[in-house]
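# Chains, contacts and geometry: an overview
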Amino acid sequence: MNFDKELDASGLNCPLPILRTKKALAELTAGQVLKVIATDPGSVKDMQAFAKQTGNELLSSAEAGGKYQFFMKKK
Amino acid sequence: MSKKLAIIATKGTLDWAYPPFILASTAAALGYDVQVFCTFYGLQLLRKDTSGLKVSPLGNPGMPMKMPFGPKWFKDINWNIPNIVQASIPGYESLATTLMKMTIKNCGVATIDELRDLCVEAEVKFLACQMTVELFGFDHNQFIENVEFVGAASFFEFAGESDICLYI
């Protein structure tokens with residue numbers, strides 16, 4: 001998937017992946033896509049909740065080799 | 001209009017410093033307006049120097065006492081130290097705090113200063129209870145900038161309209 005910016009939140013624990021995501025999204029313009037990599041298992045549900053409450057669209061959420069990968073489209 | 005979260009922070013230990021800052025920073029990231037009213041021991045959360053925040057395992061049966069270093073079998077041991085022993089060792093709290101801070105770092109959990117900076121950056125508003133500032137003999141310049149020194153009535157102005165109000 002194409003993306004405009006990548007955020008590596010590996011090794012960070014709650015609530016840092018969400019806070020960093022929010023910050024990274026602020027640097028994008030509407031419609032641009034942010035790729036986030038995280039290792040916090042709680043981030044899977046948290047990213048969904050973040051998207052739902054902020055209106056940003058979670059395009060995909062996947063796990064590979066103990067890492068979680070998200071694509072978030074800025075509102 | 002944004003949702004509002006009002007928090008009353010009353011605890012002044014390292015462990016209890018986390019919930020107000022985690023919830024405030026996360027809510028701010030979700031678009032909430034957040035105010036944290038710090039009173040009594042919660043004032044410690046707003047001091048420039050946070051090294052006074054310590055954790056005490058004494059009389060806290062819910063706290064696992066595990067070592068943050070060494071091989072896995074060693075880290076897995078839960079050191080069940082009787083209260084009477086904990087109470088009689090000088091510097092026990094400082095030692096427990098040092099170990100706790102190592103664990104925090106190992107787990108990728110933010111430090112209190114880091115979380116507080118993120119809150120300030122996200123425009124979380126911190127209120128300090130003026131009455132307890134005087135009661136404890138603190139000085140305004142011991143606190144971080146942008147703290148407002150107010151009374152309970154000022155807190156209710158915001159809390160009365162909040163969607164969520166937490167006492168921590």
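The rules behind the values
Residues numbered from 1 in each chain as written. Chains lettered and ligands numbered in written order. Predicted model: local features only at pLDDT ≥ 70, side-chain atom pairs only at ≥ 80, totals over all residues. Helix = DSSP H or I, 4+ residues; strand = E, 2+ residues; numbered from the N terminus. Buried ≥ 20, exposed ≤ 12 C-beta atoms within 10 Å, placed from the backbone. Contact = placed C-beta atoms within 7 Å. Core = buried A, V, L, I, M, F, W, Y, C linked by C-beta atoms within 7 Å. Axes fitted to C-alpha atoms, helices over the stretch in contact; angles between N-to-C directions. Parallel < 35°, antiparallel > 145°, perpendicular 65-115°, else oblique. Left-handed = near helix turned anticlockwise from the far one by under 90°. Nonpolar A, V, L, I, M, F, W, Y, C, P; charged D, E, K, R; others polar. UniProt positions renumbered as here; feature names shortened; annotations may be inferred. Pairing = 2+ DSSP bridges. pLDDT = per-residue confidence, 0-100.

### Considering the overall build of chain B
Each helix and strand in chain B was counted, giving seven helices and five strands. Sequence-ordered secondary structure for chain B, helices as α and strands as β, is β-α-β-α-α-α-α-β-α-β-α-β. For chain B, the proportion of its 168 residues judged to be buried stands at 27%. Here the contacts in chain B between residues at least 6 apart in sequence split such that 77% fall between residues at least 24 apart.

### Observations regarding the nonpolar core
Residue and element names in this part refer to chain B. Ile 7, Ala 24, Ala 28, Val 34, Val 36, Cys 38 and Ala 128 are the most contacted members of the largest nonpolar core, which has 50 residues in total. The element that contributes the greatest number of residues to this core is helix 1 (residues 14-29), accounting for eight residues. Once you skip the residues sitting within four places of it in the chain, Ala 28 turns out to touch Val 34, Cys 119, Ala 122, Glu 123 and Val 124.

### Observations concerning the packing of helix 1 of chain B against helix 5 (residues 112-121) of chain B
Working note: a packed helix pair is described by the angle between its axes plus the distance between those axes. All names here are of chain B. Relative to each other, helix 1 and helix 5 sit at 30°, their axes nearing to 9 Å. Considering their axes alone, helix 1 and helix 5 lie roughly parallel with respect to each other. For the crossing formed where helix 1 meets helix 5, the hand is left-handed. When helix 1 is examined against helix 5, the residues Leu 14, Ala 17, Phe 21, Ile 22, Ala 24, Ser 25 and Ala 28 are found in contact with a partner set consisting of Ile 112, Leu 115, Arg 116, Leu 118 and Cys 119. Its residues assigned to classes, the contact of helix 1 with helix 5 shows 10 nonpolar, one polar and one charged.

### A closer look at helix 1 (residues 16-26) of chain A
Residues spaced three or four apart along an α-helix point in a common direction, a consequence of the helix completing one turn every 3.6 residues. Along helix 1 of chain A, the positions that sit buried rather than exposed are Leu16(A), Pro17(A), Ile18(A), Leu19(A), Thr21(A), Lys22(A) and Leu25(A). Buried residues along helix 1 of chain A sit against strand 1 (5-9), strand 2 (33-38), helix 2 (43-54) and strand 4 (67-73) of chain A together with helix 1 and helix 5 of chain B.

### Overview of the UniProt feature "domain: UPF0033" (unreviewed entry) in chain A
Within this numbering scheme, the UniProt entry marks residues 7-31 of chain A as carrying the feature "domain: UPF0033" (unreviewed entry). Split by type, residues 7-31 of chain A is 44% helix and 12% strand. Its first and last C-alpha atoms lie 17 Å apart.

### A short note on the interface of chain B and chain A
Each partner contributes residues to the interface: chain B has 11 residues there, and chain A has 11 residues. At four residues, the largest contribution of residues to the side of chain B that touches chain A is made by helix 1 of chain B. Residue composition of the side of chain B that touches chain A, grouped by class: seven nonpolar, four polar and no charged.

### Focus: the pairing of strand 3 (residues 57-64) of chain A
Residue and element names in this part refer to chain A. Taken across its eight residues, strand 3 has zero buried, putting it largely on the surface. In this sheet, strand 4 lies alongside strand 3 in antiparallel orientation, the contact comprising seven bridges. Looking across to strand 4, one finds that Glu 63 is bridged to Tyr 68. From the end of strand 3 to the start of strand 4, which pair antiparallel, there are two residues, and Gly 65 there has a positive phi angle of about 55°.

### A few points about the confidence of the model for chain B
Averaged over every residue, the pLDDT of chain B is 94; the share at 70 or more is 100%. Both scores are given for the predicted complex: the pTM is 0.89, the ipTM 0.84.

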